Amino acid sequence: MLPATAKWYDRRDSVFIEFCVADSKDVKVNFDKMKCGFSCVAGTDNVKLENQIDLFEAIDENESKHSRTDRSVLCYLRKAQPGKAWPRLTKEKAKVSWLSVDFNNWKDWEDDSDEEMGNFDQFSNMMRNMGGEDDLDNLDVDADGADDDESADSDDEKMPDLE
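Residues numbered from 1 in each chain as written. Predicted model: local features only at pLDDT ≥ 70, side-chain atom pairs only at ≥ 80, totals over all residues. Heavy atoms only, no water.

(A) Geometry of the side chain of Ser39. In this fold, Ser39 is placed in strand S4 (residues 35-42). Note on Ser39: relative accessible area 19%, which makes it buried. (Helix = DSSP H or I, 4+ residues; strand = E, 2+ residues; numbered from the N terminus. Buried < 20%, exposed > 50% of the residue type's maximum accessible area, 1.4 Å probe, protein only.)

Given below as structure tokens:
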């Protein structure tokens with residue numbers, strides 16, 4: 001069996017893994033304290049895919065969940081020790097060819113406050129809304145992460161016009 005291509009990112013209390021598999025069938029995701037297993041049948045060719053991941057740290061397998069769409073399977077792994085950053089997904093330091101970092105969702109959260117989008121309630125809402133881009137308007141996050149009123153520093157001066 002071949003491994004499925006996947007990307008991952010870290011949050012304060014969880015880790016997300018997205019298995020990039022279009023038209024998946026017979027999806028099976030197994031969560032163990034130190035492992036995550038994924039298998040499915042993919043595409044019109046019915047290719048069998050399987051991934052076994054020895055995780056960097058322990059997870060709470062009872063609080064971990066997954067959701068399938070037509071394009072991927074997103075796994076939410078609840079950390080057993082929230083607040084501890086994972087420098088990598090796997091226990092081994094070796095680079096895994098089918099795994100990459102999801103830089104579109106990566107966030108350096110160690111300097112942030114505890115109120116962060118990675119919590120379980122917001123994940124549940126995200127899973128409910130995973131159908132289309134129309135739901136993106138409902139998010140409470142500003143594009144640059146700043147309030148409009150507070151985006152300018154008080155010591156900023158107006159720049160002269162260009163000639």
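(B) The arrangement of the pattern of salt bridges in detail. One pass over the structure, following the stated rule, counts 5 salt bridges. Note that Asp70 and Arg68 form a salt bridge whose closest N and O atoms lie 4.0 Å from each other. (Salt bridge = Lys/Arg side-chain N within 4 Å of Asp/Glu carboxyl O.)

(C) Representation of the sheet that holds strand S6 (residues 65-68). Read across the sheet, 5 strands follow the order S6-S7-S2-S1-S8 without closing on themselves; strand pairing throughout is mixed. Whereas interior strands pair on both sides, the edge strands pair on one side only; in this sheet they are S6 and strand S8 (99-101). When the angles between neighbouring strand axes are averaged without regard to direction, this sheet yields 20°. When strand S1 (residues 6-10) meets strand S2 (residues 14-19), the two strands line up antiparallel, connected through 5 bridges. Residue pairing in the sheet places Asp10 in a bridge with Val15 of S2. (Pairing = 2+ DSSP bridges. Axes fitted to C-alpha atoms, helices over the stretch in contact; angles between N-to-C directions.)

(D) Highlighting the sheet that holds strand S3 (residues 24-31). If you trace the 3 strands from one edge of the open sheet to the other, you get S3-S4-S5, paired in antiparallel fashion. The sheet terminates laterally at S3 and strand S5 (47-54), the two strands that pair on one side only. The mean inter-strand angle of the sheet, taken between neighbouring strand axes irrespective of direction, is 5°. Strand direction decides the pairing type here: S4 and S5, joined by 8 bridges, are antiparallel. If you follow Val41 over to S5, its bridge partner there is Lys48.

(E) A look at the pairing of S6. In this structure, S6 lies alongside strand S7 (residues 73-78), joined through 4 bridges in antiparallel fashion. Within the sheet, the bridge partner assigned to Ser67 lies in S7 and is Leu74. Counted along the chain from S6 to the antiparallel partner S7, the turn is 4 residues long.

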